Amino acid sequence: MKTGFLLSALAATLPALTLACDDDDWYSPEFRHSIQKRSQPGAVSAPTAPIQKLKFGQVNVAYTTDTHGWLASHATLPSYSADWGDYISFLDCMMAKADALGVDLIVADAGDLHDGTGIGDLAGSVNGQYTLPIFGETIKDNIVASIGNHELYTAPIANDTYYNLAPRFNGRYLTSNVDFYDNGTWKPFSNRYAYWQTKFGVRILALGVLFNFTGNTNITRVQPVLNMTREFWFQQQINRTDVDLFLLVGHTPVRGSYEWDTVYSAIRRKNPATPITIVGGHSHIRDTTVFDAAAIGVQAGRYCETVGWLALSGLNSSTANLPSGTLPAITASPSSIPNVTQARNSSLGVYRQYLDFNRFVFSFHTDTNNATFDTARGVNVSRQVTQAFTLNPNLTTVIGCAPQTYYQNQYPLGDGRNLYTLLTDQVFPNVVVTPGRESQPRIVLINTGAVRFDLPSGPFTIDVADSVLPFTNTWYRKTAPWSQAKNLLASMNTDKVYKRQEYSYADANQTTGYVTKDDLGSDGDNTKHIAQGRYSLPHYVQGNASLPTGSDLTDSLQVDVYAASFFINAASAYLSQNTTDWIPVDGSFSAFDTLPRYAASFWNGTTC
C-alpha cells in the first residue's frame, strides 16, 4: 500500500450496475468546451483522422499488452481516449463482424496488468482489486492471456492473480514457465498450454511464456525458458501432429529476444513448416518481427494506447472465407537464429495494423457510429471504471496545479519541458532530504525507468502521481567522500541494465503520434501520424543540492548520497569509502511520495 497522501479505499467490491446508456452530452469545465458523449467523464473526443480499412484473414487476432491498469483511458490524449468498456464494445462488434464474414477472431493479451494508474494501484486492499475484475471481462471473448513480471513482484499481487484472476480464463490464462507455491507445494501458476479447434477448423496450440525474470516474489518461480523447452510436457505438445497454428502469447519482446528465439527454435526443429504466431510485450513499443516465411511476431505498445490487429491466410485446414483475398506472403529476410533451419517458403499470408485506442477508430472498423457503437457489456464495464473512481475520491483530489506539461523524452534532458529536468533541478533538491540536513551537500539519483509517463499540465492528483512515478521504493541516504560521489552517476550509467526502446505517442495535437517502422515496412500504423522528436535518456539522472563551488568542493568533502531502494545495492559498489550505511530518509518516504510532496508545497492551490 502506498504512503503519503493515499487514503483507504471506500469499498472492496463494486455494486451491481445497470446496462442502460446515458444519452446526455455533458460539459467539461477542465477543457472549457462541449464534447461528444464519452464513456469516462473528462475524456476528450477522439480525432477524426484518416485511417485505413482493416483486412480480414481466415484467422484474425486482436491483441493488447502492458495495459498497466490504464483501463480508464488517457483522458487528455484524444488518440487514446477510449476506456476498457469501449474496447469491450469493439470486441463485441468485431466478433459479430467476423461471424458475418465467416472468419475466426481470437483475442490475446501479453500481460503486465499492474503498476501504472491510481485505480489499479491505490484503490482497494491489494493492487488490482478494481482493475483485474474489469480486465477479466474479456474472458467472454475467449481471450488467450499470459502473465507479466508486474504480476509477480509482490506476494499480495501474485496471490490475487493466482487465486482470483487466472481461474476465470477457462484454461487460457497461460503460464508455461511460471510456478506458484500453493500450500507447501509448487504448482503451475496456471495452465501450461491450451489446445482447441476454432469455429472454422483451425487446430491451435497456444503457449504463454515470460522472459527469464528474476525479481519475483519467493512464492513464485520463473523457470528459465531453455529449461522449459526440455520439459516432457513441452516436448510432448510440440511433437503433436494435429496442430495447424502455434500461437505463442507471452510477456517477452518479439525483437531480439533470446526467450522467443529459444521457443521458436524448439518448435521449428520438430515442425519445419507449421505457421507460428507470437504475440509479445514488455518493451512498450509497436513492433512486428519476421522469424521466417511461416513465423511472425507482433507487439502492441503499452498503456491502452494500441490495439494490434493481425490477419492470417493460407491455413489449409481452415474452412473460413477470405473476405480480403489472399494476404501477402512474408518476403522480408528474417534475422538469423542459430542451430535451426528457418522456413523459406510458405503459403502463410499476413497483414498487421496498429490501431489507436479511441472510439472513432473502434466505430470506423465496426461499421457503427457514436449512437450505435456501444454494447450493453461495454457500457457496463465503462460504468465499473467510473464507479471505481467514485468509490475512491482520494484519487482525484487536487493537490496542486502543474504549470505546464513535462515530457519524458519529447525534449532533451536539460530542457525546461523535460520531466527529468524538473525532477533533478526542482523536485529532488527541495523535497528529497532528511529533515535537519538541508544544508548538508548532497546528490540525489533515480533510475529513469522509474518514471512511467508524462506529467500533464493542470490538476495534479494522486492518480496523476501514480501514472508518472508509481513505485514505492523507499528513499535512502549514505554519506561518502566527494572523491567517490562525484563519479557515481557516470559509473552507474555504464552498468548493464534493461533499457526500453524509444517510442513516439500523441499528445493533445492530433497530428502527432506513433510512426512505426518494422520488418514489414512503414504501413502498420492504422492512423497516420507525424512523428514527434524522441531524445535518448541515460539509465540514471542526478540532482544536486547545497554543493559548494570552486576550491571548497574538495575530494575529502563528505556528501550525502540519496537513492531509491531499488538500486542502492548497485550504487554501493561505487561507494566503498562511505562513512555511514544506507539510512531511510524520512520514515517510509518513497519515490511515489516525491511528486505529491513537491506539488503540495510548490504547486499549491486547487483552481487550475
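Residues numbered from 1 in each chain as written. Predicted model: local features only at pLDDT ≥ 70, side-chain atom pairs only at ≥ 80, totals over all residues. Heavy atoms only, no water.

> Would you explain the packing of helix α1 (residues 84–101) against helix α9 (residues 376–390) in this entry?
Each pair of packed helices gets described by two things: the angle between the helix axes and the distance between those axes. Running from N to C, α1 and α9 cross one another at 170 degrees; their axes reach a closest spacing of 7 Å. One element, α1, and the other, α9, form an angle in the roughly antiparallel class. The chirality of how α1 crosses α9 is right-handed. Of the residues in α9, those in contact with Trp84, Gly85, Asp86, Ile88, Ser89 and Asp92 of α1 are Arg377, Gly378, Val379, Val381 and Ser382. Here the contact of α1 with α9 is composed, by residue class, of four nonpolar, four polar and three charged. (Axes fitted to C-alpha atoms, helices over the stretch in contact; angles between N-to-C directions. Helix = DSSP H or I, 4+ residues; strand = E, 2+ residues; numbered from the N terminus. Parallel < 35°, antiparallel > 145°, perpendicular 65-115°, else oblique. Left-handed = near helix turned anticlockwise from the far one by under 90°. Contact = heavy atoms within 4.5 Å. Nonpolar A, V, L, I, M, F, W, Y, C, P; charged D, E, K, R; others polar.)

> Can you help me understand the state of the cysteines in this one?
Note on terminology: a disulfide is the covalent bond linking the sulfur atoms of two cysteines. Taken as a whole and assessed by the stated rule, the structure comprises one disulfide. Each sulfur of the disulfide joining cysteine 401 and cysteine 608 lies 2.0 Å from the other. Taking the sign of the torsion about the S-S bond as the criterion, the disulfide between cysteine 401 and cysteine 608, at about -90 degrees, is left-handed. Here cysteine 608 lies in the segment after α15 (591–602) and cysteine 401 lies in strand β18 (residues 398–402), a separation of 207 residues in the sequence. With a relative accessible area of 17%, cysteine 401 lands in the buried category. Residue classification places cysteine 608 among the partly exposed positions, given a relative accessible area of 47%. (Disulfide = S-S within 2.5 Å. Buried < 20%, exposed > 50% of the residue type's maximum accessible area, 1.4 Å probe, protein only.)

> In this structure, what is going on with helix α7 (residues 258–270)? I would like to understand it.
Structurally, the α-helix is built with 3.6 residues per turn, so residues lying three or four positions apart point the same way. If you check α7, its first and last C-alpha atoms are 19 Å apart, about what 13 residues at 1.5 Å a residue would give, namely 18 Å. Of the residues that open α7, the one with a side-chain oxygen 3.3 Å from the backbone nitrogen of glutamate 259 is serine 257. (Expected span 1.5 Å × (residues − 1). Polar contact = N/O pair within 3.5 Å; in protein donor to acceptor, adjacent residues only side chain to side chain.)

> Would you explain the pattern of salt bridges in this entry?
Any two side chains of opposite charge can pair if their charged atoms end up close together. This structure, assessed with the given rule, holds 22 salt bridges. A salt bridge links lysine 199 to aspartate 99; the shortest N-O distance between them is 2.7 Å. You can see lysine 199 sitting in the loop between β9 (193–197) and β10 (203–210) and its partner aspartate 99 sitting in helix α1, a full 100 residues away along the chain. Accessibility expressed as a relative area gives 58% for lysine 199, which makes it exposed. With a shortest N-O distance of 2.9 Å, arginine 203 and aspartate 244 are connected by a salt bridge. Taken together, the residues arginine 203 in strand β10 and aspartate 244 in the loop between α6 (232–238) and β12 (245–251) connect sequence positions 41 residues apart. The class of aspartate 244 is buried, set by a relative accessible area of 13%. Taken together, the shared-partner salt bridges connect Asp86, Arg359 and Asp374 into one network. (Salt bridge = Lys/Arg side-chain N within 4 Å of Asp/Glu carboxyl O.)

> Please explain the nonpolar core as it appears in this structure.
One broad trend across soluble globular proteins is that nonpolar side chains are buried collectively. Counting 123 residues, the largest nonpolar core has Trp84, Tyr87, Trp309 and Leu455 as its most contacted members. For this core, the leading source of residues is α1, giving eight residues. When near neighbours in sequence (up to four residues on either side) are disregarded, tryptophan 84 contacts Thr64, Thr67, Leu71, Ile134, Phe135, Thr138, Cys304, Phe357 and Val381. Residues Val61, Ala110, Leu245 and Val249 belong to the second largest nonpolar core, which totals 28 residues. (Core = buried A, V, L, I, M, F, W, Y, C linked by side-chain atoms within 4.5 Å.)

> Any chance you could explain the sheet that holds strand β7 (residues 178–182) here in plain terms?
What links the strands of a sheet is backbone hydrogen bonding, and the strands pair in either a parallel or an antiparallel sense. Read across the open sheet, the three strands follow the order β8-β7-β11; overall the sheet is antiparallel. Looking along the sheet, the strands with just one partner apiece sit at the ends: β8 (185–188) and β11 (220–222). Each adjacent strand pair in this sheet contributes to an overall mean axis angle of 30 degrees, direction not counted. Examined bridge by bridge, β7 and β11 share three bridges and lie antiparallel to one another. Looking at the pairing, phenylalanine 180 lines up with threonine 220 of β11. On the sheet, helix α4 (residues 155–165) packs against β7, β8 and β11 and is oriented at approximately 95 degrees with respect to β7. (Pairing = 2+ DSSP bridges.)

> Just checking my understanding: could you explain the sheet that holds strand β4 (residues 104–109) for this structure?
In space, the six strands of this open sheet follow the order β6-β5-β4-β3-β16-β17, with mixed pairing throughout. Each edge of the open sheet carries a strand with a single partner, namely β6 (173–174) and β17 (349–356). As paired strands, strand β16 (residues 306–313) and β17 are joined by eight bridges and run antiparallel to one another. Bridged to leucine 310 within β17 is arginine 352. Helix-sheet contacts for α1 involve β3 (59–64), β4, β16 and β17, and the interaxial angle to β4 is about 155 degrees.

> Just to check I follow, could you spell out the pairing of strand β19 (residues 442–447) for this structure?
Moving residue by residue along a regular strand, the side chains alternate between the two faces of the sheet. Judged by how many residues are buried, β19 sits mostly within the fold: six of six residues are covered. Side-chain alternation along β19 places Arg442, Val444 and Ile446 on one buried face and Ile443, Leu445 and Asn447 on a second face that is also buried. Alignment of β19 against strand β23 (residues 558–564), held across three bridges, turns out to be parallel. Considered in β23, the bridge of isoleucine 443 is made with valine 561.

> Teacher, can you tell me more about the confidence of the model for the protein chain here?
Interpretation of this model should avoid reading the predicted coordinates in detail wherever pLDDT is low. Across the protein chain, the average pLDDT comes to 89, with 90% of residues at or above 70. Below a pLDDT of 50 lies the segment residues 3–38, which in the model reaches 89 contacts outside its immediate sequence neighbourhood of four places, other chains included. Note that residues 498–510 has pLDDT below 50 and, in this model, 54 contacts with residues that lie over four places away or in other chains. (pLDDT = per-residue confidence, 0-100.)

> Looking at this structure, how should I read the packing of aromatic side chains?
Both the distance between ring centres and the angle between the ring planes are used here to describe each pair of aromatic rings. According to the stated counting rule, one finds 34 aromatic pairs in the structure shown. An angle of 20 degrees between the planes, with centres 6.3 Å apart, marks the rings of tyrosine 87 and phenylalanine 90 as stacked. Taken as a pair, tyrosine 87 and phenylalanine 90 lie in helix α1 at a separation of three residues, close to a single helical turn. A residue is classified by how much of its surface remains accessible, and tyrosine 87, at 1% relative accessible area, is buried. Residue phenylalanine 90 is classed as buried on the basis of its relative accessible area of 0%. An aromatic cluster is built from Trp84, Tyr87, Phe90, Phe135, Phe169, Tyr173, Phe357, Phe362 and Phe373, whose rings are joined through pairwise contacts. Arginine 221 extends its terminal NZ or CZ atom over the ring of tryptophan 186, reaching a point 4.4 Å from the ring centre. A cation sits over an aromatic face here: arginine 417 above tyrosine 411, 3.8 Å from the ring centre. (Phe/Tyr/Trp six-rings, centres within 6.5 Å; stacked < 30°, edge-to-face > 60°. Lys NZ or Arg CZ within 6 Å of the ring centre and 35° of its normal.)

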